[in-house]
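Chains, contacts and geometry: an overview
One letter stands for each residue in the lines below.
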Amino acid sequence: MIEGHLTVRRTARYFALWEPGPAPWDLWIVLHGYRQSAARFLKRFADGAGPGIRVVAPEGLSRFYVDEDGGVHGPEHRVGASWMTREDRENEIRDYVGYLDDLVEALGNGPDGVPDRLFVLGFSQGCHTAARWITMGRARPDSLVLWGGNLPLDFDVEKGPGILRMLGVTLVAGRADRLVPRAALERERDRLEEWRVPVRLMEHGGGHEIESAMFRHIAGDPAPGPQAGPDPGAPDA
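Residues numbered from 1 in each chain as written. Predicted model: local features only at pLDDT ≥ 70, side-chain atom pairs only at ≥ 80, totals over all residues. Heavy atoms only, no water.

**Describing the nonpolar core**
- Membership of the largest hydrophobic core comes to 41 residues, with the highest contact counts inside it found for Ile29, Trp133, Leu144, Leu164, Val169 and Leu192.
- Ranked by residues supplied to this core, first place goes to helix 2 (residues 89–108) with eight residues.
- Every residue in contact with Leu192, bar those within four places of it in the chain, is listed here: Leu151, Leu164, Val169, Leu171, Val197 and Val199.
- Core analysis: the second largest hydrophobic core is formed by 21 residues, Val30, Ala38, Val55 and Trp147 among them. (Core = buried A, V, L, I, M, F, W, Y, C linked by side-chain atoms within 4.5 Å. Buried < 20%, exposed > 50% of the residue type's maximum accessible area, 1.4 Å probe, protein only. Helix = DSSP H or I, 4+ residues; strand = E, 2+ residues; numbered from the N terminus. Contact = heavy atoms within 4.5 Å.)

Okay, here's the thing in structure tokens:
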């Protein structure tokens, strides 16, 4: 059996909380978790959005019915999305990195022009997506938020730490999160500190979910700030 690949055009979907207003304005790209839809995910950010903070939720390119009862699916059956699986993973990663790069470029070419600042927030599976995107793609955000998740196992430890030093990372833990407990994010914080990445760990009272009040707080103070020191583009010793 021979495995082949063919590059095809795809129509990607995104949802936005976009209230035009006077400059300057911040653009937040928020990446949903496994089995979520971008539209439902975006509702969690509504209280923090406005003319100065515009939030865009791209949807993963792979959709599926999340209900497990099988049979014929009707309007009452929920649809979710995934950023990737282990199957053909390298191509799936390249596809979503290119998709997210193109989305940011398209949003910056709109009538409101480019945003003053760009922020990326990944939730759960979206944390891995965000981390790969900022190391493999063209976009250079001002800061990165990893919410209820951490860096992927295949994170580029040669190139990645230098990029993260320029951005700063906010880790967000849910006090009642049983999937990704605070201890896991504390270990991630320690690793980032070893890489000399500006990092802060924040906690909210909920579980494995986006908590609206916490997002409003982060959006008002989004970046730990770049770390002074050696050239962040240079490889680690």
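**Here's the deal with the packing of aromatic side chains**
- Counted under the stated rule, the structure contains nine aromatic pairs.
- Relative to Tyr96, the ring of Trp83 lies with its centre 5.9 Å away and its plane at 75°, an arrangement referred to as edge-to-face. Residue Trp83 is located in the loop between strand 5 (79–82) and helix 2, and its partner Tyr96 is located in helix 2; the two are separated by 13 residues in the primary sequence. Judged on exposure class, the residue Trp83 and its partner Tyr96 are both buried.
- Ring centres of Phe155 and Trp195 lie 5.9 Å apart, and the angle between their planes is 20°; this geometry places the pair in the stacked category. Remark: Trp195 occurs in the loop between helix 5 (182–194) and strand 9 (199–204) and Phe155 occurs in the loop between strand 7 (143–147) and helix 4 (160–167); sequence separation between them is 40 residues. With respect to class, Phe155 is no different from Trp195; both count as buried.
- Among the aromatic side chains, those forming a connected cluster through ring pairs are Trp28, Phe41, Phe45, Phe119, Phe123 and Phe215.
- Above the ring of Trp25, the side-chain terminus of Arg54 is found at 4.2 Å from the ring centroid. (Phe/Tyr/Trp six-rings, centres within 6.5 Å; stacked < 30°, edge-to-face > 60°. Lys NZ or Arg CZ within 6 Å of the ring centre and 35° of its normal.)

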